[in-house]
Amino acid sequence: MSTHRVEASRVVEADPARAFDVLFAAPRESIFVRRFGAFPPVMETKDQEGRWDSVGQSRTLVLGDGGSVRETVTSIDRPHGFEYLLDDIHGKLRPFVTRVDGAWTAIAEDDGVRIGWAWTMHPTGPPGRLTMNVIGRMWQGYADRALRTVEDLLRP
C-alpha cells in the first residue's frame, strides 16, 4: 500500500542538543496547542510510565476532538533527532490513516538549528489514498503552527 510523506522545517537560534532535549521532553500539549483543519490540539498525555527517555516507550495523546492516538518511540539519535509511531488512532483521521511514522530532527545550520518534522502517513485504503493530498495540506498548516511554538519554547 502506498504512503504519503509530508515534512516541514524552520531554522531557529538554538544549540542542536538543547533543541533536541526540548523537542523530546516537551509535553505534546505544549507544542500542539491549536487546531488546524482536521488536526486537533493535544489536550493531555496519559499512560506514560517513567521518564520519556527510551525506545519502545509509549503513551496516549488525548486530542481536542475527543479522539486519541498512541505514540511510541522507535528511534533516538541524540542530539540529531528521534522517530516515533502513531497508531491506535481514534478521531477524525481514523477513517483515512492507519498509522503514522513520525520524525523530529535538530540539525546544526549556520548559527542555529534547523528543526524538522516529518510524517509518513499510511492510508486506510481507497478512501484514505484519495484524501492524502488534502490531509497533507492541512498538516502543513498544523506543522507551521507547531514549529513556531517550538521556536518560542527554545527562546532563552
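A short tour of the structure in this document, coming up. Small disclaimer: the values here were computed from a predicted structure and weren't measured.

### A few points about the pattern of salt bridges
Phase 1: Applying the stated rule across the entire model yields 11 salt bridges.
Phase 2: One salt bridge connects Glu-71 with Arg-59, and the closest N-O pair in it is separated by 2.8 Å. Linking Glu-71 in strand 4 (residues 68–77) with Arg-59 in strand 3 (residues 58–63), this pair joins segments that are 12 residues apart in sequence.
Phase 3: For Glu-71, a relative accessible area of 2% corresponds to the buried category.

### Here we look at the pairing of strand 3
Phase 1: Counting buried positions along strand 3 yields five of six residues, so the element is predominantly enclosed.
Phase 2: In terms of strand pairing, strand 2 (residues 42–46) meets strand 3 through four bridges, oriented antiparallel. Following the sheet pairing, Glu-44 is matched in strand 3 by Val-62.
Phase 3: Bridge count for strand 3 against strand 4 is five bridges, and the pairing is antiparallel. Of the residues in strand 4, the one forming a bridge with Leu-61 is Val-69.
Phase 4: Following strand 3, the chain reverses through four residues before pairing antiparallel with strand 4; Gly-66 in that reversal takes a positive phi of roughly 90°.

### Some words on the nonpolar core
Phase 1: Counting residues in hydrophobic clusters, the biggest one holds 42 residues, and the most contacted among them are Phe-32, Trp-104, Ile-115, Trp-117, Trp-119, Met-121 and Trp-139.
Phase 2: Counting residues per element, the ones that place at least two in this core are strand 1 (4–12), helix 1 (16–25), strand 3, strand 4, strand 5 (81–90), strand 6 (97–109), strand 7 (112–123) and helix 3 (126–154).
Phase 3: Considering each element in turn, this core owes the most residues, nine residues, to helix 3.
Phase 4: Once you skip the residues sitting within four places of it in the chain, Met-121 turns out to touch Thr-3, His-4, Val-6, Val-97, Arg-99, Val-100, Met-132, Ile-135 and Gly-136.

### Brief notes about helix 1
Phase 1: For helix 1, the full list of buried residues reads Pro-16, Ala-19, Phe-20, Leu-23 and Phe-24. Along the axis of helix 1, the buried residues cluster in a sector spanning 120°; they form a single face.
Phase 2: Sitting at the amino-terminal end of helix 1 is Asp-15, which places a side-chain oxygen 3.1 Å from the backbone nitrogen of Ala-17.

### Remarks on the side chain of His-122
Phase 1: Here His-122 lies in strand 7.
Phase 2: Separated by 2.6 Å, the side chains of His-122 and Asp-101 make a polar contact.
Phase 3: Not counting residues up to four positions away in its chain, the partners in contact with His-122 are Thr-3, Phe-96, Val-97, Thr-98, Arg-99 and Asp-101.

### Examining the packing of aromatic side chains
Phase 1: Taken as a whole and assessed by the stated rule, the structure comprises 14 aromatic pairs.
Phase 2: A ring pair is formed by Phe-32 and Trp-117, whose centres lie 5.2 Å apart and whose planes are at 45°; its orientation type is tilted. Of this pair, Phe-32 sits in the loop between helix 2 (28–31) and strand 2 while Trp-117 is found in strand 7, placing the two residues 85 residues apart along the sequence. Per residue, the accessibility class of Phe-32 equals that of Trp-117, and both read buried.
Phase 3: Measuring from centroid to centroid gives 6.3 Å for Phe-82 and Tyr-84, while their planes differ by 40°, and the two rings are tilted. Like Tyr-84, Phe-82 is buried.
Phase 4: An aromatic cluster is present here, built from Phe-32, Phe-39, Trp-104, Trp-117, Trp-119, Trp-139 and Tyr-142 joined pairwise through their rings.
Phase 5: Lying over the aromatic face of Trp-52, Arg-59 brings its terminal NZ or CZ to 3.6 Å of the ring centre.

Calculation rules
Residues numbered from 1 in each chain as written. Predicted model: local features only at pLDDT ≥ 70, side-chain atom pairs only at ≥ 80, totals over all residues. Heavy atoms only, no water. Salt bridge = Lys/Arg side-chain N within 4 Å of Asp/Glu carboxyl O. Helix = DSSP H or I, 4+ residues; strand = E, 2+ residues; numbered from the N terminus. Buried < 20%, exposed > 50% of the residue type's maximum accessible area, 1.4 Å probe, protein only. Pairing = 2+ DSSP bridges. Core = buried A, V, L, I, M, F, W, Y, C linked by side-chain atoms within 4.5 Å. Contact = heavy atoms within 4.5 Å. Arc of directions from axis to C-beta. Polar contact = N/O pair within 3.5 Å; in protein donor to acceptor, adjacent residues only side chain to side chain. Phe/Tyr/Trp six-rings, centres within 6.5 Å; stacked < 30°, edge-to-face > 60°. Lys NZ or Arg CZ within 6 Å of the ring centre and 35° of its normal.

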